[in-house]
Amino acid sequence: MEYIKITKVDNVVLHRKGIAVKGELHLTTHHLIFSSSSLPREFWVSYPTIGSVFKNQGSTLISRIKCDSKSNDEIEFDSDEPNLYKFYQGRDLWSIVNIKIIGKDYTVFSLDFVKEHEAKDVFDSLLRLTVLDDVSQLYAFIYKPNKIETQFNSWNIYDPMKEFQRQGLHINDSNSQWRISKINENYEFSSTYPSKLIVPNNISDTVLLHAGKYRAQARIPVLAYYYKKTNCVITRSSQPLPGITKQRSVQDERVVLTEFECSSLLVLDDIDNRDHVSPRMKNIIVDARPTANAMAQTALGGGTESMEYYNFNLTCQKKFLGIDNIHVMHDTLNYVVDNFLVDGDLNFPIDKVALNTGKSSNWLKYTKLILSSTDTLMKSIVFNKSNLLIHCSDGWDRTTQVCSLIQICLDPYFRTLEGFMVLIEKDWLSFGHKFLERCGHLSSESIFHDNTSGFNNLSLFSNISGTQINNSMSSNNLCNEDDNKITNTERIKSFSSNNIISTDFVTRVSDHFKKRKGYKSNKFTSPIFQQFLDCVYQLVIQNPDQFEFNERFLRRLVYHLYSCQYGSFLYNNEKERAENDIQNKTRSVWDYFRCRQKEFTNETYKAPLSSSVKKIYNDLNELGLEDLEGEEDWIFPDFNKIQWWWQLYGRKDNEMNGLTTENASIPTDHEMEGNQSLEVKNKASRFLPFTLDLFGKK
């Protein structure tokens, strides 16, 4: 393939999780593969999972230099492989070139190359194989499943009619308060919405057409979930468009009011004596954004509902959740990776205090905020019997997170393997979460950093004390044969200040890339779906017997979110998947999990009693059993017990969770800025500064 400059490189050293192994590197059209007789199996990396790539002068081992009390510079090996010692013995470590790769799935590793031209060819090939022009070039379109997977076809695991019937809505019945509208049958009404929209039965498509003009992307309020126990509904939409002129839409107001009233009518249908039924007083319009952000959108033609028109005789109120946008989320996670996870190849220890008290702790803060919002809204449904309309700006990020989490907490079906798959299909895929854009499957040139460009000839290193491994010392003393006492720290400082390319040069190169035809930016990438899975992880560990699936299921789902081995997450919406015939050209990601169900099943799971079983027990009064019809099967998140998903980041629990000092505590927002300077002081020195583009940060 013309994209690959080199397909095989011998004598490459892989550094991963603190272990160094010598072997062979292979580049195929869709995977990087490292093999070694010292490894139990090959190490495979799918190109779309690559988040950042750095080509650096000098061996990866240079970052392990430590200055002891005797001023001896040492390198410590975690491997006793003789060939590895032989590889580095007598070799100038500065003459080696390393390529460091940080994966979107938090796999971090480095490769040491003896020959600079081989490293360059590998770097150039990785760029061409990772930065693609079209989705059809991804691995999913040539992937051939094994025999076990071919037994499944999970593309139709979600059927809207069957799912809402399971929830308790019989949409086909003549007296149903809801109907399936065909207004978006060809995706002409809203290109980012599903083809089947569930709306009130007495709202015509003409009204919907007018209402669509008042919602961003024509994402009108439609039914997302019906909770039978309290006859409450969750509807979702995008932001309204009042703009600076404060426009209103009576059609949109009618749609929202009618959807809330449908719930009351469902209650009336189930009660004989309607005189005792009082109208719901606490329906809630939920704006997931911070108040200031919502108000700022008015200058761009957007905004939020004016409660002058949406209070519906004081039966409805509005609540802002204060969840920040996609850019804040990807900046926060980039900061965590850049400052705490970037050295995973060498397995450097994490500063746990800085991780849990500085800017990085904002990731836990946002997780807590999303779960506390879920808790509040869920209790409104359960105890106040409130109907909800949830939206953010476009209604495909924060809206989807909150809607999904509420349903997981309310409905035990969504805590099963099958139910969770249906939930993802329903609320994430069909409602148009932009997986292609948020995950950056086609990648960008901006994630590739050649830190060797602009260096002087490598012979300059011969004028500095050569960094070599001494054959006679088990501690691998880095002093040269003349016992020159110039420390490695001094050499690194001299090397960094004199030989790294200037900022102006970097800027010119960056501008050149941006002017190229077809340049792609990662500006809109963000770990929104991963953040949702992180919230689910918190619920799983807090309720260990309430979920049929285990933590490994969530972790593998993160991997396949980025692997592009399956077609489920390749596009932004249902329309794009239909236009590209994704069901016939690729496999569903759920095939992978369903054929390996035992591997992802929680052994401590306690399935709730079915309604038929409850009825049998309740009929056996002679046994003296309590009435099981009122048994509660919802769960509430404990947002005060939020912790790092340490398994996902490839670390140990005690490395990331819990503070190392008794007096350490999570700071307030006001203290965050002051703590950043402390983190800089505490951060260990690195061979080269890394600036990650893991989620689009520049």
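If you look the chain up in an unreviewed UniProt entry, it shows as Myotubularin phosphatase domain-containing protein from Vanderwaltozyma polyspora. Turning to the chain, the UniProt annotation filed under Sequence similarities (unreviewed entry) states: "Belongs to the protein-tyrosine phosphatase family. Non-receptor class myotubularin subfamily."

Caption draft 1: Representation of the sheet that holds strand 13 (residues 232-236) within the structure. A sheet is described by the order of its strands in space; here five strands give the open sequence 12-13-16-14-15, paired in mixed fashion. Each end of this open sheet is capped by a strand with a single partner; those strands are strand 12 (222-227) and strand 15 (316-320). Going across the sheet, the axis of each strand differs from the next one's by a mean of 20 degrees, ignoring polarity. Strand direction decides the pairing type here: strand 14 (residues 283-287) and strand 16 (residues 388-391), joined by four bridges, are parallel. Within the sheet, the bridge partner assigned to D287 lies in strand 16 and is H391. Against the sheet, helix 11 (residues 398-410) touches strand 12, strand 13 and strand 16, its axis set at about 140 degrees to strand 16.

Caption draft 2: View of the packing of aromatic side chains. Evaluated as defined, the whole model comprises 36 aromatic pairs. A ring pair is formed by F553 and F600, whose centres lie 6.2 Å apart and whose planes are at 70 degrees; its orientation type is edge-to-face. Here F553 is found in helix 18 (residues 551-563), whereas its partner F600 is found in the loop between helix 21 (589-594) and helix 22 (611-619), with 47 residues between them in sequence. Summarising the burial analysis for this pair, F553 and F600 share the class buried.

Caption draft 3: Region of interest: the pairing of strand 14. With five of five residues buried, strand 14 lies mostly within the body of the structure. Neither face of strand 14 is left uncovered, since the one carrying N283, I285 and D287 and the one carrying I284 and V286 both have all their residues buried. Both strand 14 and strand 15 contribute to a ladder of five bridges, which runs parallel. Within the sheet, the bridge partner assigned to N283 lies in strand 15 and is C316.

Caption draft 4: Just the pairing of strand 12, in detail. Burial runs high along strand 12: six of the six residues are buried. Inspection of the sheet shows strand 12 paired to strand 13 by five bridges, in the antiparallel sense. In the strand pairing of strand 13, V222 is matched with R236. The loop that links strand 12 with its antiparallel partner strand 13 comprises four residues; one of these, N231, has a positive phi angle of about 55 degrees.

Caption draft 5: Local environment of the pattern of salt bridges. All chains considered together, the criterion is met by 30 salt bridges. Where K426 meets D427, a salt bridge forms, and the shortest distance between an N and an O atom there is 2.4 Å. The two residues K426 and D427 agree in class, both being buried. Salt-bridge contacts for K606 lead to D545; the nearest nitrogen and oxygen are separated by 3.8 Å. Of this pair, K606 sits in the loop between helix 21 and helix 22 while D545 sits in the loop between helix 17 (528-542) and helix 18, and the two are 61 residues apart along the sequence. Given the relative accessible area of 55%, K606 is considered exposed. Among the charged side chains, a salt-bridge network with shared partners connects D397, K434, E437 and R438.

Caption draft 6: Representation of the UniProt feature "binding site: substrate" (unreviewed entry) in the chain within the structure. In the numbering used here, UniProt assigns the "binding site: substrate" (unreviewed entry) feature to N325, I326, C392, S393, D394, G395, W396, D397 and R398. Despite a sequence span of 74 residues, these residues sit close together in the fold, their greatest C-alpha distance being 12.3 Å. Here D394 shows up in the loop between strand 16 and helix 11. The contacts of D394, once residues within four sequence positions are left out, are A216, Q217, R219 and S238. Its location among the elements puts G395 in the loop between strand 16 and helix 11. Among all residues touching G395, those that are not within four sequence positions of it are R219, R236, S237, S238 and T400.

Caption draft 7: Fine view of the packing of helix 17 against helix 18. With their axes 10 Å apart at the nearest point, helix 17 and helix 18 run at an angle of 175 degrees to one another. Classified by the interaxial angle, the pair formed by helix 17 and helix 18 is roughly antiparallel. On helix 18, the residues that touch F529, Q530, L533, V536, Y537 and V540 of helix 17 are E551, L554, L557, V558, L561 and Y562. For the contact of helix 17 with helix 18, the per-class residue count stands at 10 nonpolar, one polar and one charged.

Caption draft 8: Looking closely at the confidence of the model for the chain. On average, residues of the chain score 83 in pLDDT, and 76% of them reach the 70 mark or higher. The low-confidence segment residues 267-279, where pLDDT is below 50, has nine contacts with residues more than four positions distant or belonging to other chains. Note on residues 624-629: pLDDT under 50 across the span, and 11 contacts to partners over four residues away in sequence or across chains.

Caption draft 9: Expanded view of the sheet that holds strand 2 (residues 19-27). Strand order across the open sheet formed by eight strands is 4-3-2-1-9-8-5-17, with mixed pairing between neighbours. If you trace the sheet from one side to the other, it starts and ends with strand 4 (43-46) and strand 17 (448-450), each paired once. Between one strand and the next, the sheet's axes are offset by a mean angle of 25 degrees, whatever the strand orientation. Sheet topology note: the strand 3 (residues 31-35)/strand 4 ladder contains four bridges and is antiparallel. Note on strand 4: the bridge partner recorded for I33 is W44. Docked against the sheet, helix 2 (residues 116-130) engages strand 1 (8-16), strand 2, strand 3, strand 5 (50-57), strand 8 (97-103), strand 9 (108-113) and strand 17, running at close to 160 degrees with respect to strand 5.

Caption draft 10: Region of interest: helix 3 (residues 160-167). Buried residues of helix 3: P160, E163, F164 and Q167, and no others. All buried residues of helix 3 fall inside an arc of 90 degrees around its axis, so they share one side. Packing partners of the buried residues in helix 3 comprise strand 11 (197-200), strand 12 and helix 12 (417-429). Taking the backbone nitrogen of M161 as reference, a side-chain oxygen 3.0 Å away marks D159 as the first, capping residue of helix 3. At the exit of helix 3 stands G168, carrying a positive phi of roughly 120 degrees.

What counts and how
Residues numbered from 1 in each chain as written. Predicted model: local features only at pLDDT ≥ 70, side-chain atom pairs only at ≥ 80, totals over all residues. Heavy atoms only, no water. UniProt positions renumbered as here; feature names shortened; annotations may be inferred. Pairing = 2+ DSSP bridges. Helix = DSSP H or I, 4+ residues; strand = E, 2+ residues; numbered from the N terminus. Axes fitted to C-alpha atoms, helices over the stretch in contact; angles between N-to-C directions. Contact = heavy atoms within 4.5 Å. Phe/Tyr/Trp six-rings, centres within 6.5 Å; stacked < 30°, edge-to-face > 60°. Buried < 20%, exposed > 50% of the residue type's maximum accessible area, 1.4 Å probe, protein only. Salt bridge = Lys/Arg side-chain N within 4 Å of Asp/Glu carboxyl O. Parallel < 35°, antiparallel > 145°, perpendicular 65-115°, else oblique. Nonpolar A, V, L, I, M, F, W, Y, C, P; charged D, E, K, R; others polar. pLDDT = per-residue confidence, 0-100. Arc of directions from axis to C-beta. Polar contact = N/O pair within 3.5 Å; in protein donor to acceptor, adjacent residues only side chain to side chain.

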